[in-house]
Amino acid sequence: MDVQKQESQSNEQPPNKSKSNDNRRDDYWIGFDLGGTKMLAALLDAKLRVVERKRRKTKGHEGLDVGLKRIVATIESVLKEADVEPERLRGIGVGCPGPLDLKKGVIREAPNLGWVDAPVKEYLEDAFHCPVVVANDVDAGVFGEHALGAARGSHCTVGVFPGTGIGGGCVYQDRILQGKNSSCFEVGHIQVAPDGPLCGCGQQGCLESVASRLAIAAAAATAVFRGQAPHLREIAGTDVAEIRSGALAAAIEAGDDVIENIVSSAAEKIGVAVASLVHLVAPDTVVLGGGLVEAMPDLIVKTVRATARKRVLPSYKDTFKVVAAKLGDDATALGAASWARQLLCD
Ligand SMILES: [Zn+2]
């Protein structure tokens, strides 16, 4: 026994020379977040710890060709900064916006980028000679929180991310819940108000038409115009584009009660949708993320939790927790890498 113990201790002593000289391809992963305005490449080691990250503007309007080259250049630059040869990449996971062809790894349409039929998987596989997995960006973010963040160890994780719209995703028994060819869990388009306002999707009364940051900002701008929110008037005025999450949080902090009511009423609507999701998939963890939640975690998480608990069948009341996301801007990149690792290594 003692000899064995000593042996195992000596095995743990770094550095293990044979390993550090090992040039196998299973050493590193790239997680990539392709956003409408910014792209983020994260280089992760075999244990999915971030070694290096690089953020650049996406500049989607410069065209698909330029955009794909820019993705490759960003990955090359993060590899160079970390002094890691591309040959050591085991795989790349990319979180992408818009409707995707998951099998082919093609972005079918990304209005924010102005791209149609972007062959992300094929292009990156040609460039780096390693497997590439493409996922919906919100799904990747929820998977990141499930694998490495606020929902670690959960059986079922539901993520809701209010932003300009409201994104959602579900990880069930360590798998992203997906359709045969497309992503799903479009939480933002759950109908919560049949005669409600027009949604960006063309329908009426979707959750995101009444509870997204854009919907909140529009209501807040009206309150400012009416003279009900003097602090927000000073911070941001009536321009909806200026009424960002930080401005809303600062106005509430300064005493604009009307703004607090607008935000908590939006969070209640999210709570109503969460109650339905609890009935459908029985998550043990509901993760709330995005800039709005980051700016006002207490107000939003508490309100969503209280509303959802009030709205579920009694037997579900204590079966789920509602928590704020932990990975921030890294969630999609980290999630895309860990999802790629799971698909390619399991
Ligand atoms: Zn909609």
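Computed from a predicted model, the values in this text were never measured in an experiment.

What counts, and where the lines are drawn
Residues numbered from 1 in each chain as written. Predicted model: local features only at pLDDT ≥ 70, side-chain atom pairs only at ≥ 80, totals over all residues. Heavy atoms only, no water. Helix = DSSP H or I, 4+ residues; strand = E, 2+ residues; numbered from the N terminus. Rg over C-alpha atoms; globule rule 2.2 N^0.38 Å. Buried < 20%, exposed > 50% of the residue type's maximum accessible area, 1.4 Å probe, protein only. Areas by Shrake-Rupley, 256 points an atom, 1.4 Å probe, with all protein chains shown as cover. Lys, Arg positive; Asp, Glu negative; His and termini not counted. Charge placed at Lys NZ, Arg CZ, Asp CG, Glu CD. Domains from an automatic or database assignment. Contact = heavy atoms within 4.5 Å. Buried area = accessible area lost by both parts, 1.4 Å probe. Salt bridge = Lys/Arg side-chain N within 4 Å of Asp/Glu carboxyl O. Polar contact = N/O pair within 3.5 Å; in protein donor to acceptor, adjacent residues only side chain to side chain. Core = buried A, V, L, I, M, F, W, Y, C linked by side-chain atoms within 4.5 Å. Donors = N, O, S within 2.8 Å, 3.2 Å for Na, K, Ca; no water. Pairing = 2+ DSSP bridges.

Q: Explain the overall build of the protein chain to me, please; I cannot follow it from the model alone.
A: Across its full length, the protein chain carries 13 helices and 13 strands. At 22 Å, the protein chain has a C-alpha radius of gyration in line with the 20 Å of a compact globule built from 346 residues. Judged by the C-alpha coordinates and their principal axes, the protein chain covers about 70 × 55 × 40 Å. Counting only residues that meet the buried cut, the protein chain has 47% of its 346 residues in that class. For the protein chain, the accessible surface area stands at approximately 17,200 Å², while carbon and sulfur atoms represent 48% of it. The averaged location of the 44 negative side-chain charges in the protein chain is 2 Å from the averaged location of its 40 positive side-chain charges.

Q: Got a minute to help me understand the domain arrangement of the protein chain in this structure?
A: It is common to give the size of an interface as the accessible area lost on bringing the parts into contact. Split by domain assignment, the protein chain resolves into domain 1 (25-143 + 331-345) and domain 2 (153-326). A straight line from the C-alpha centre of domain 1 to that of domain 2 covers 27 Å. Between domain 1 and domain 2, the contact holds 12 residues from the first and 18 residues from the second. Approximately 1,300 Å² of surface area, both sides summed, lies buried where domain 1 meets domain 2, with 61% of it carried by carbon and sulfur atoms. Interface area lost by domain 1 to domain 2 is led by Leu 102, Asp 139 and Val 142, which between them contribute 42%. Here domain 1 is connected to domain 2 by 0 salt bridges. On the surface where domain 1 and domain 2 come into contact, there are 2 residue pairs in polar contact (both at pLDDT 80 or more). For the side of domain 1 that touches domain 2, the elements supplying multiple residues, two or more each, are β5 (100-101), α5 (137-148) and α13 (331-345). Top contributing element to the side of domain 1 that touches domain 2 by residue count: α5, with 4 residues.

Q: It is not clear to me how the nonpolar core should be interpreted in this structure. Could you clarify?
A: Burial of nonpolar side chains together is a common tendency in soluble globular proteins. Ranked by size, the top nonpolar core spans 49 residues in total, and within it Leu 232, Leu 248, Ile 259, Leu 288 and Ile 300 carry the most contacts. Of all the elements, helix α10 (residues 257-281) adds the most residues to this core, at 12 residues. Leave out the neighbours within four places in its chain, and Leu 248 touches Ile 216, Ala 220, Leu 232, Ile 243, Ile 259, Leu 292 and Met 296. Grouped together as the second largest cluster of nonpolar side chains are 31 residues, Met 39, Ile 71, Val 94 and Ala 118 included.

Q: I'm lost on the coordination of the zinc ion in this one. Help?
A: Six octahedrally arranged donors around a metal ideally form angles of 90 or 180 degrees; four tetrahedrally arranged donors ideally form angles of 109.5 degrees. Only His 189 (ND1), Cys 199 (SG), Cys 201 (SG) and Cys 206 (SG) from the protein coordinate the zinc ion, and they sit 2.0 to 2.4 Å from it. All donors of the zinc ion come from a single chain, and their spacing in sequence reads H-x9-C-x1-C-x4-C. Using a relative accessible area of 42% as the deciding quantity, one classes Cys 201 as partly exposed.

Q: Any chance you could explain the pairing of strand β10 (residues 166-172) here in plain terms?
A: In the case of a regular strand, side chains alternate between the two sheet surfaces. Of all 7 residues in β10, 6 are buried, a share of seventy percent or more. Inspection of the sheet shows strand β9 (residues 156-162) paired to β10 by 7 bridges, in the antiparallel sense. Bridging across to β10, Val 158 finds its partner in Cys 170. Between β9 and β10, which pair antiparallel in sequence order, lie 3 residues. Counting the residues between successive antiparallel strands, the hairpin from β10 to strand β11 (residues 175-176) contains 2 residues, one of them, Gln 173, with a positive phi of roughly 50°.

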